[in-house]
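# Examination of the molecular architecture
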Amino acid sequence: MGYVLYGRRQTGSMVVEAALTLVGAAYSFRAVPSPASVEKRAVYTKINPRGQVPALIHPDGTVITEGPAILNHLADAFPEAGLAPPPGSAQRAWHDRWLAFFHANVYEGMLRELIPDRYTTDASGSAALSEAATAYVRRHFLIFEAELAHRPQGDFFCGAGPSALDLYLWMLCFWIDADWLAANCPRLAAHWHRMREREALAPVEVAHFG
Ligand SMILES: N[C@@H](CCC(=O)N[C@@H](CS)C(=O)NCC(=O)O)C(=O)O
């Protein structure tokens, strides 16, 4: 019995699919209807009360939500896959810091940017809310771009292969303006292009953005 991933096209389940693929875990995928489908959604909220994807069900039935918790679980459960530096190492602390940074700030900021109506009771202010969120998201990308200037230059953030953090940035870059990224975050833009060239990730990209 493998894992079960609840997800939907063009959502945060993309990075979990990528991680499951890279670690070679057996899993089945269950598509969760969009938020508009109230009736079907009621079934899913029994699994994740927030109604959000992704949710990963461990083979023992444990429900895991929140992208970084899922990714860190897979990194620890499949250590030979090298999805994160060893637990307890300084490198792992660095990795987890930035994973949490992007999850807490950028992912949430992108939600405000893309669906501002959900974050206000005054729809007349939605455009301004979205605009402010764009600036907020970009400020956080610039902080990480500056951080990379102090890191050893390599294809990946933490070593010889893609880590969960590499996968998370690969996913987030599908939601940021590519021209802005190239002009303002050359290291991250180059990283995104390298990640998109990886054969193992191509089917996941096609499933979400093909
Ligand atoms: N903090 C959650 C956020 C997940 C999230 O916002 N998922 C969105 C899709 S990208 C979703 O399911 N939205 C549907 C809803 O909120 O009703 C995580 O990291 O997994």
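Residues numbered from 1 in each chain as written. Predicted model: local features only at pLDDT ≥ 70, side-chain atom pairs only at ≥ 80, totals over all residues. Heavy atoms only, no water.

### Details of the packing of aromatic side chains
- Considering all chains together, one arrives at 15 aromatic pairs under this definition.
- Relative to Phe101, the ring of Trp98 has its centre 4.7 Å away and its plane inclined at 65°; by these criteria the two rings are edge-to-face. Separated by three residues within a single helix, Trp98 and Phe101 lie in helix α4 (residues 90–114), roughly one turn from each other. Assigned by exposure class, Trp98 and Phe101 land together as buried. (Phe/Tyr/Trp six-rings, centres within 6.5 Å; stacked < 30°, edge-to-face > 60°. Helix = DSSP H or I, 4+ residues; strand = E, 2+ residues; numbered from the N terminus. Buried < 20%, exposed > 50% of the residue type's maximum accessible area, 1.4 Å probe, protein only.)

### Things to note about the packing of helix α1 (residues 13–23) against helix α9 (residues 202–209)
- Taken N-terminus to C-terminus, the directions of α1 and α9 make an angle of 160°; their axes are 9 Å apart at the nearest point. Considering their axes alone, α1 and α9 lie roughly antiparallel with respect to each other. Regarding α1 and α9, the two cross each other, and that crossing is right-handed. Contacts between α1 and α9 involve Ser13, Met14, Glu17, Ala18 and Thr21 from the former and Val204, Glu205, His208 and Phe209 from the latter. (Axes fitted to C-alpha atoms, helices over the stretch in contact; angles between N-to-C directions. Parallel < 35°, antiparallel > 145°, perpendicular 65-115°, else oblique. Left-handed = near helix turned anticlockwise from the far one by under 90°. Contact = heavy atoms within 4.5 Å.)

### Here we look at the side chain of Ser126
- Its location among the elements puts Ser126 in helix α5 (residues 126–148).
- In contact with Ser126, other than residues within four places in its own chain, are Pro116, Asp117 and Thr120.

### A look at the layout of surface pockets
- Within this model, the largest pocket holds a volume of roughly 730 Å³.
- Along the walls of the largest pocket sit 30 residues, with Arg8, Gln52, Val53, Tyr107 and Leu111 positioned nearest its centre.
- At the level of elements, α4 and α6 (164–172) are the ones that each hand at least two residues to the lining of the largest pocket.
- Ranked by residue count, the leading element in the lining of the largest pocket is α4, at six residues.
- Its residues assigned to classes, the lining of the largest pocket shows 14 nonpolar, nine polar and seven charged.
- Three or more residues apiece are contributed to the lining of the largest pocket by two domains, here domain 1 (3–81) and domain 2 (90–198).
- Space inside the second largest pocket adds up to approximately 230 Å³.
- Lining the second largest pocket are 15 residues, with Pro152, Gln153, Gly154, Phe156 and Phe157 positioned closest to its centre. (1 Å grid on protein atoms, 1.4 Å probe; cavity = no way out; pocket = protein on both sides within 12 Å on 5 of 7 lines; lining within 4 Å. Points joined across faces, edges and corners; volume = space filled by probe spheres on them. Nonpolar A, V, L, I, M, F, W, Y, C, P; charged D, E, K, R; others polar. Domains from an automatic or database assignment.)

### Focus: the site of the ligand
- Lining the immediate environment of the ligand, one finds 14 residues, of which Arg41, Val53, Glu66, His103 and Tyr107 sit closest.
- Arg118 is positioned such that a nitrogen or oxygen atom in its side chain is 3.0 Å from an oxygen atom of the ligand.
- If the ligand stood free it would expose 510 Å²; the protein chains cover 91% of that surface.
- In this structure, the ligand is accommodated by the largest pocket.
- Here the shell around the ligand takes three residues from α4, the largest share from any one element.
- The residue inventory of the shell around the ligand, partitioned by class, reads five nonpolar, five polar and four charged. (Near = heavy atom within 4 Å. Polar contact = N/O pair within 3.5 Å; in protein donor to acceptor, adjacent residues only side chain to side chain. Areas by Shrake-Rupley, 256 points an atom, 1.4 Å probe, with all protein chains shown as cover. Sits in = over half its atoms within 2 Å of the grid points.)

### Looking at the sheet that holds strand β3 (residues 55–57)
- Read from one edge to the other, the open sheet built from four strands follows the order β2-β1-β3-β4, with strand pairing classed as mixed. With one partner strand each, in any of the chains shown, β2 (27–31) and β4 (63–65) form the two edges of the open sheet. In this sheet, adjacent strand axes meet at a mean angle of 20° when their direction is disregarded.
- Examined bridge by bridge, β3 and β4 share three bridges and lie antiparallel to one another. Each bridged residue has a counterpart across the sheet, and for Leu56 the counterpart in β4 is Ile64.
- Lying on the sheet, α1 is in contact with β1 (3–7), β2 and β3; it crosses β1 at an angle near 155°.
- Along the sheet, helix α3 (residues 67–77) contacts β1, β3 and β4; its crossing angle with β4, the most-contacted strand, is approximately 120°. (Pairing = 2+ DSSP bridges.)

### Description of the packing of α6 against helix α8 (residues 186–196)
- Between α6 and α8, whose axes approach to 9 Å, the crossing angle comes to 100°. As summarised for this structure, α6 and α8 are arranged roughly perpendicular, according to the angle between their axes. Facing Asp166, Leu167, Leu169 and Trp170 of α6, the residues of α8 in contact are Leu188, His191, Trp192, Met195 and Arg196.
- Residues belonging to the contact of α6 with α8 are distributed by class as follows: six nonpolar, one polar and two charged.

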